[in-house]
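# An overview of the molecular structure
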Amino acid sequence: MLRILSGRKTQMAIFILAAIFSSILNAAITITAERTFSSQTYLPGQTIDVTLSIGISGSPMPAAVIIDETIPETWQITSSNVPVDKVTAPSTYSFLEFNATGVPSSIVIKYTVSIPQDASGTQNFTGEVKYLEDGEMKTVDIRGSTSIAPPDTDFVVSPSVLHFGTIDTEANLVLRNLGGTSYEWTSSIETFDGITGWIKVPNTGTLNSGETSTIIIQIVRSLLTSGSHTGRITFSTNTYPPIIQTVEISAIVGSPSPIEDFMVSSLLGLSGDGKILLTWKNPGNFTGTIIFRKSSSLGWDDVPHNGTSYALGSRLPGGALCIFKDDTSKDTTFVDTGLDLTTTYYYRIFSFDDSSAPSYYPVYSQMYLDSFSKPSSIGDIWPHTGEEMFNQWHYFNGTNPLMNNFSALYTSTGVSEPDPQVYVGYVDSQYIPTPLTGVVGFKNTYLLSANFILNPDDTVDIKIPVHLDDVTTVDTFSLSNLHLYHWPGSDNKWEDISNQITERNVDQSYISVRMDGEQLKGNDYFSTGTPLPPVHTGSGGCFIATAAYGTPFAKEISILRKFRDQKLLTNKPGRAFVRFYYRHSPTIANFIRNKPKLRALTRGLLKPVVWLCGKITG
């Protein structure tokens, strides 16, 4: 309850006498007044604190001052550190400060104002300080904060992610209205696993200004299959514009869906700062990815235990170190740095789900992928800087003779990187991104690394050395049949860029290619190879035998096909023989096809071959 002073007439008389006394002495009085709010905004139904700071100077000091404070009409002062002297309708509150020997030089009035539930819009405060000087009543306006408004409409949903793990079936979600108006919200559900109906959420609700509401989210596990399941709940308010908030949902049945296409490739580095590039493909229903590293072969005990959460830097029972963990960004690449250039590193990748309240039970995929690699040393560093960095050829040198003839020309008007750098190096074939199937080659691979991104219209001309083992991998000694490959292409695969080759120089043993600026990604591998000719399987491909027996359905041909598929195509010499056979057999088959005697002779010659192939294949 406010305490209103009694004897106002007496106090006013004292105030007037004190003011007259001061005026007789001709004293100059200076007063400053400022208002501050405890909050920059208000919420209906709540309170805010207001501070009035009055500064007074003069000699002698006035014996009394009156502070009139007018607040919004329907608002009410509920408490103050200085008693309210009187209230004038509709909403002016007066405070009196009196001291016969002079009021203090600093007066601070703090009061709390209650805000009605229906308050809205901008609300204004006014005030003044009254005193007598030279027999005249004077006033000073209270400055500082003079108006206050509700905050912009806001809607908060927490948490933004709900992991139900393998156990939980329901969890709490908190909705908050942090704005100044009431509104309704609605919800919608989206699932990413092709299964509908497994996420349950209230469809709609109302939140008053400043209100907090807790709702229950449920999942129906009986509808789910083994693996990871993800979805999203979207909340929307009926305000203009609507406020949208989303909550990511995940649930696991059995074990999280595994990672795919895990690949570990050597990058260029200096002594003590070797680098290895890790790439992978997350499952469609992503819940999390975690990677462990070891400098020796990974063992059976280098597997995370369900129920245990592993932070970066923690180790598995077998000693493998956790180097990467992500459950939000959905990253598919990671560069492992600070490695020793002479050490081979082994990596193991899992998908995981950390789960959240109430069970907090992390789970890891039963299936995992392993890979290994070794950092490569920088073969050479681009020696130029600034404008000299571009628009001229640079021929890289180094101690590795396999780098001879590797050169590049960056054609560019400049890049945003203030200190652009380019490194080149040779990468051992066992540490490169996984080569393409159906291509023979990838014997010598070169890595071009840059710390900048080129402009779309920029180009890079690159000369790739060609060595003897590049052109003798298959039946060719000519550069004309050699294809050039670049990584990364689409979907982290090698791409054939032979159609971008600008020169095949036999005398100096190199191939030149022009790359668009958008094709280079910062760590770019180049290698050569030759596509294998199509290998016919199934019902086709045995040209001579088909001509000899007159039908592709003869049992002898089935035996020969079985031998080809099970024995020849599973190894390099066998594939070479098949390529040779497909290259030359059609001519022989066409020659004997309409000659009965030659066909009979061929069947006789094939008889022991068919018998032997049958014995080998069972």
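Residues numbered from 1 in each chain as written. Predicted model: local features only at pLDDT ≥ 70, side-chain atom pairs only at ≥ 80, totals over all residues. Heavy atoms only, no water.

Take the overall build of the chain next. Summing up its helical and strand segments, the chain has six helices and 41 strands in all. A globule of 618 residues ought to have a C-alpha radius of gyration of about 25 Å, yet the chain, at 41 Å, is considerably larger. Once the C-alpha set of the chain is aligned to its principal axes, its extents read approximately 145 × 65 × 45 Å. The buried share among the 618 residues of the chain stands at 46%. The long-range share in the chain, meaning contacts at least 24 apart out of those at least 6 apart in sequence, stands at 71%. Accessible surface, the chain as shown: approximately 30,300 Å² in total, 52% of it carbon and sulfur. Each charge class in the chain can be summarised by its mean position, and for the 44 positive and 57 negative side chains these summaries are 18 Å apart. (Helix = DSSP H or I, 4+ residues; strand = E, 2+ residues; numbered from the N terminus. Rg over C-alpha atoms; globule rule 2.2 N^0.38 Å. Buried < 20%, exposed > 50% of the residue type's maximum accessible area, 1.4 Å probe, protein only. Contact = heavy atoms within 4.5 Å. Areas by Shrake-Rupley, 256 points an atom, 1.4 Å probe, with all protein chains shown as cover. Lys, Arg positive; Asp, Glu negative; His and termini not counted. Charge placed at Lys NZ, Arg CZ, Asp CG, Glu CD.)

Scored by pLDDT, the chain has a mean of 86; 90% of the residues are at 70 or more. The least confident element of the chain is helix H1 (residues 8-24), whose mean pLDDT is 53; the most confident is strand S24 (residues 289-294), at 98. Here residues 1-7 is a poorly scored stretch, pLDDT under 50, and it has 15 contacts once near neighbours within four places are set aside; other chains count. Taken together, the stretch residues 535-539 has pLDDT below 50 and engages in 15 contacts with residues farther than four places along the chain or on a different chain. (pLDDT = per-residue confidence, 0-100.)

Taken together, the side chains of Trp 611, Leu 612 and Ile 616 make up a nonpolar region of the molecular surface, amounting to roughly 340 Å² of accessible area. Tracing the backbone shows Leu 612 in helix H6 (residues 596-617). Judged by its relative accessible area of 46%, Leu 612 falls in the partly exposed class. (Patch = residues over 30% accessible without salt bridge, like charges linked within 9 Å, V, L, I, M, F, W, Y side chains within 5 Å. Salt bridge = Lys/Arg side-chain N within 4 Å of Asp/Glu carboxyl O.)

Time to look at the pairing of strand S23 (residues 273-281). The side chains of a regular strand alternate, first on one face of the sheet and then on the other. With seven bridges joining them, strand S22 (residues 260-270) and S23 adopt antiparallel strand pairing. Bridged to Leu 270 within S23 is Asp 273. Counting the residues in the hairpin turn of S22 and S23 gives two residues, including Gly 272, whose phi is positive at 85 degrees. Bridge count for S23 against strand S26 (residues 333-339) is five bridges, and the pairing is antiparallel. Within S26, the residue paired with Ile 276 across the bridge is Asp 336. (Pairing = 2+ DSSP bridges.)

Our focus in this paragraph is the pattern of salt bridges. The full count for this structure, using the stated rule, is 10 salt bridges. Where Lys 325 meets Asp 354, a salt bridge forms, and the shortest distance between an N and an O atom there is 3.4 Å. On the criterion of sequence distance, the pair formed by Lys 325 in strand S25 (residues 321-326) and Asp 354 in the loop between strand S27 (345-353) and strand S28 (363-364) is long-range, its members being 29 residues apart. A relative accessible area of 17% means that Asp 354 is categorised as buried. Put simply, Arg 348 and Asp 370 hold a salt bridge, and the shortest N to O gap is 2.7 Å. Of the two residues, Arg 348 sits in strand S27 while Asp 370 sits in strand S29 (residues 369-373), which places them 22 residues apart along the sequence. When its relative accessible area of 4% is taken as the criterion, Arg 348 is described as buried. Relative accessible area serves as the criterion here: at 41%, Asp 370 is assigned to the partly exposed category.

What the five strands build is an open sheet, ordered S4-S7-S2-S1-S11; its pairing is mixed. Two strands close off the open sheet at either side, each with one partner strand: strand S4 (76-80) and strand S11 (143-144).

Take the nonpolar core next. Counting residues in hydrophobic clusters, the biggest one holds 33 residues, and the most contacted among them are Ile 31, Ile 48, Ile 56, Ile 67 and Trp 75. For this core, the secondary-structure elements that each account for two or more residues are strand S1 (30-37), strand S2 (47-57), strand S3 (64-70), strand S6 (92-98), strand S7 (106-114) and strand S9 (126-133). Look past the residues within four positions of Ile 67 in its chain and what remains in contact with it is Leu 52, Ile 54, Tyr 93, Ser 94, Phe 95, Ile 109, Glu 128, Val 129 and Ile 142. Judged by nonpolar contacts, the second largest core, of 31 residues, contains Trp 382, Val 424, Ile 464 and Leu 479. (Core = buried A, V, L, I, M, F, W, Y, C linked by side-chain atoms within 4.5 Å.)

This brings us to the pairing of strand S37 (residues 483-487). Of all five residues that make up S37, four are buried, and the element is covered over most of its length. With five bridges joining them, S37 and strand S41 (residues 523-531) adopt antiparallel strand pairing. The residue bridging Tyr 485 from the neighbouring strand is Ser 527, located in S41. Both S37 and strand S38 (residues 495-496) contribute to a ladder of two bridges, which runs antiparallel. Looking across to S38, one finds that His 486 is bridged to Glu 495.

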